[in-house]
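# Structural characterization, general
Each chain, letter by letter, is given below.
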Amino acid sequence: MKQKRRAKRESPGAYFKRLIRQPPASFYHQPVLHIQCGGQVEVEGCKGVLLYDESQIRLDMGGWQVSLYGDELALCGVGGRMLTLKGKIFRAEFSNEG
């Protein structure tokens, strides 16, 4: 009869350090999409705007494309790594470019 191996227990201090450690540096370079219920969308790290009109905007998020559909969509600010869109968002679609 085989004996079960016992897993080594992690010390509480090591567990706590692992729990609160900083994420890898590449984590902060990923695009982020914030959709607020008040009709505002903020996008960080967007690579570019592929399509834009009053009812649709398609964004290149680096490997992914995000399409937002709605009414009265307006780009309010584009600066640095932040893009701000206002309007009534009805639908969001995500597609993998690869």
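To be clear, the structure that these remarks concern was listed above.
Residues numbered from 1 in each chain as written. Predicted model: local features only at pLDDT ≥ 70, side-chain atom pairs only at ≥ 80, totals over all residues. Heavy atoms only, no water.

### Things to note about the pattern of salt bridges
What the rule picks out here adds up to two salt bridges. Residues glutamate 10 and arginine 18 are paired through a salt bridge, measuring 3.1 Å at the closest nitrogen-oxygen approach. Overall, the relative accessible area of 43% leaves arginine 18 in the partly exposed class. Here arginine 91 ties to glutamate 93 by a salt bridge, and the two come within 3.2 Å at their closest N and O atoms. A residue is classified by how much of its surface remains accessible, and glutamate 93, at 36% relative accessible area, is partly exposed. (Salt bridge = Lys/Arg side-chain N within 4 Å of Asp/Glu carboxyl O. Buried < 20%, exposed > 50% of the residue type's maximum accessible area, 1.4 Å probe, protein only.)

### As for the side chain of glutamine 56
Among the structural elements, glutamine 56 can be located in strand β4 (residues 56–60). The residues touching glutamine 56, leaving out its near neighbours within four places in the chain, are Leu51, Ser67, Leu68, Tyr69 and Leu73. (Helix = DSSP H or I, 4+ residues; strand = E, 2+ residues; numbered from the N terminus. Contact = heavy atoms within 4.5 Å.)

### Some remarks on the packing of aromatic side chains
Across all of its chains, the model carries zero aromatic pairs by this definition. The cationic tip of arginine 91 hangs over the ring face of tyrosine 69; the distance from NZ or CZ to the ring centre is 4.0 Å. (Phe/Tyr/Trp six-rings, centres within 6.5 Å; stacked < 30°, edge-to-face > 60°. Lys NZ or Arg CZ within 6 Å of the ring centre and 35° of its normal.)

### Regarding the pairing of strand β6 (residues 82–96)
Each regular strand carries side chains that alternate between the two faces of the sheet. As defined by bridge partners, strand β2 (residues 40–44) adjoins β6 across five bridges and the pair is classed as antiparallel. Its bridge partner lying in β6, glutamate 42 is registered against threonine 84. Sheet topology places strand β5 (residues 64–79) next to β6; 13 bridges connect them, and they run antiparallel. Paired with alanine 74 across the strands is lysine 86, a residue of β6. (Pairing = 2+ DSSP bridges.)

### Structural notes on the side chain of threonine 84
Mapped onto the elements, threonine 84 comes out in strand β6. Residue threonine 84 is classed as buried on the basis of its relative accessible area, which comes to 14%.

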